[in-house]
Amino acid sequence: MDAEHASATRGPVAVALGATVTRASGATVLPATGAPTPPEERVAATGSPQSGGLLDRFGRVATDLRVSVIDKCNLRCTYCMPADGMPWLPQSQLMSTDEIRRIVRVAVQSLGAEELRITGGEPLVRKDLEVIIAGIREDNPELPIALTTNAVGLDRRAQALKDAGLTRLNVSLDTLHPETFAELTRRPHLDKVLAGLQAARAAGLGPIKINAVLLRGVNDTEVVPLVDWAVTNGFEMRFIEDMPLDGDRSWSATNVIPARDIRAAIEEGFTLTADPRGRGAAPAERWEVRRPGETALAGHVGIISSVTEPFCAACTRTRVTADGKVRSCLFSHEETDLLSTLRAGADDEGIAQVWRDAMWAKPRAHGSDHVGLARPDFVQPERTMSAIGG
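Since the structure is predicted, the reported quantities are computational estimates derived from the model, not experimental observations.

Colleague: Sorry, what's going on with the packing of aromatic side chains here?
Modeller: The relation between two aromatic rings is expressed through the spacing of the ring centres and the mutual angle of the planes. The final tally for this structure, using the stated rule, is one aromatic pair. Geometrically, the ring pair formed by W229 and F235 is tilted, given 5.4 Å between the ring centres and 55° between the ring planes. We note that W229, like F235, is buried.

Colleague: Looking at this model, I keep getting lost on helix α6 (residues 190-203). Mind explaining?
Modeller: Spacing of three or four residues puts side chains on the same side of an α-helix, whose turn is 3.6 residues. Counted at 1.5 Å a residue, the expected span for α6 with its 14 residues is 20 Å, and the 20 Å between its end C-alpha atoms agrees. Every buried residue belonging to α6 is among L190, V193, G196, L197, A199, A200 and A203, and all of these are buried. Residues of α6 that are buried make contact with α4 (158-164), β8 (168-172), α5 (178-185), β9 (208-213) and α7 (223-232). One or two residues past the end of α6 sits G204, with phi positive at roughly 90°.

Colleague: Mind showing me how you'd approach the state of the cysteines here?
Modeller: A disulfide bridge is the covalent bond that connects two cysteines by way of their sulfur atoms. Counted under the stated rule, the structure contains zero disulfides. You can see C312 has no disulfide; the closest cysteine sulfur is in C329, sitting 6.5 Å from it. C312 provides the cysteine sulfur closest to C315, a residue in no disulfide bond, and the two sulfurs are 7.0 Å apart.

Colleague: Help me understand the pairing of strand β5 (residues 64-68) in this model?
Modeller: On a regular strand, one side chain projects to one face of the sheet and the next to the other, so that they alternate. Counting buried residues along β5, five of its five residues qualify, which places the element largely inside the surrounding structure. Judged by which residues are buried, β5 turns out to be covered on both faces: D64, R66 and S68 on one side and L65 and V67 on the other are all buried. Where β5 lies against strand β6 (residues 115-119), five bridges are found, and the strand directions are parallel. Pairing of S68 across the sheet is with T119, part of β6. Remark: the β5/helix α2 (residues 97-109)/β6 crossover connection has right-handed handedness.

The rules behind the values
Residues numbered from 1 in each chain as written. Predicted model: local features only at pLDDT ≥ 70, side-chain atom pairs only at ≥ 80, totals over all residues. Heavy atoms only, no water. Phe/Tyr/Trp six-rings, centres within 6.5 Å; stacked < 30°, edge-to-face > 60°. Buried < 20%, exposed > 50% of the residue type's maximum accessible area, 1.4 Å probe, protein only. Helix = DSSP H or I, 4+ residues; strand = E, 2+ residues; numbered from the N terminus. Expected span 1.5 Å × (residues − 1). Contact = heavy atoms within 4.5 Å. Disulfide = S-S within 2.5 Å. Pairing = 2+ DSSP bridges. Right-handed = clockwise from strand over helix to strand, strands pointing away.

Quick look at the structure:
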């Protein structure tokens, strides 16, 4: 995410042979035909760097790579997708194991990516996830590799994922009550999530962070119990403000529980102290957690306040969707087709330059040059969170 941005009607980005810039709806903005655009023309058209990392017009450099490996999910969370699910991408449009591996290699070795988070949909839906991770690890022995998952089925695969090279986990868990879990996810799988967490801890994956989206009138009374459970089990609890990325298009700013209220709720049961290590470019503002009357550190909690306290000015993220599209901002209305460039036979530098051009055009914040998800002119992206990848 970002902080203030460029217009939602920016001009098209010049791209290399085989690449396509599309709007999030899928409509083609600029198909590349004929010979690749010469470097000097790309500079004139976009002003983007012709070497180095993923710099944008506002001086931010993207080093945090998020790659979605699938758009399908085995839950139907109300803040993410409709009850009946979404139209899934056909297999031919998904990046293959080797294509994911190559795109990550280009990001790390040519563009300076320093960490990778594998997302979905639900990544565990891919049966070749261990193969994907093992290939990435072979190419990049020192790369931190994280996985964002709902942990359904993780109990059977945690050790294999660890052995393949996975280092840490973010697990989506919004409630500890089975009935509320079923209401939120439309599936009765809380026991499977908890089993997955236990297996992940036994396999030595860590740190393990728990992500909870707080919804007014649904799970907003569980803040203290969730923190207590997390720190007791050695997890880091993270609360996320509800964002307009739902499939039902029912998001309203008035239903968002703001970060200030989340902090106040935590302080009803714990003492919070700002993390002395600072935030840097992390999406979560982190706090040290202590139990009342105790000086010993109980753990940490993070709050991701994309709506009420946006952190776009420090954003270092670049995202690739499961069908190989670069999204420079989570709320972008444009995407750049990296996969077509790869499949057209581009070399690594050709792929890297298309990526540089895409990130140079990154908007300032929330998909435009204006900050604020609750502003009157905000337009929700066509793709939902499951189709984008967190």
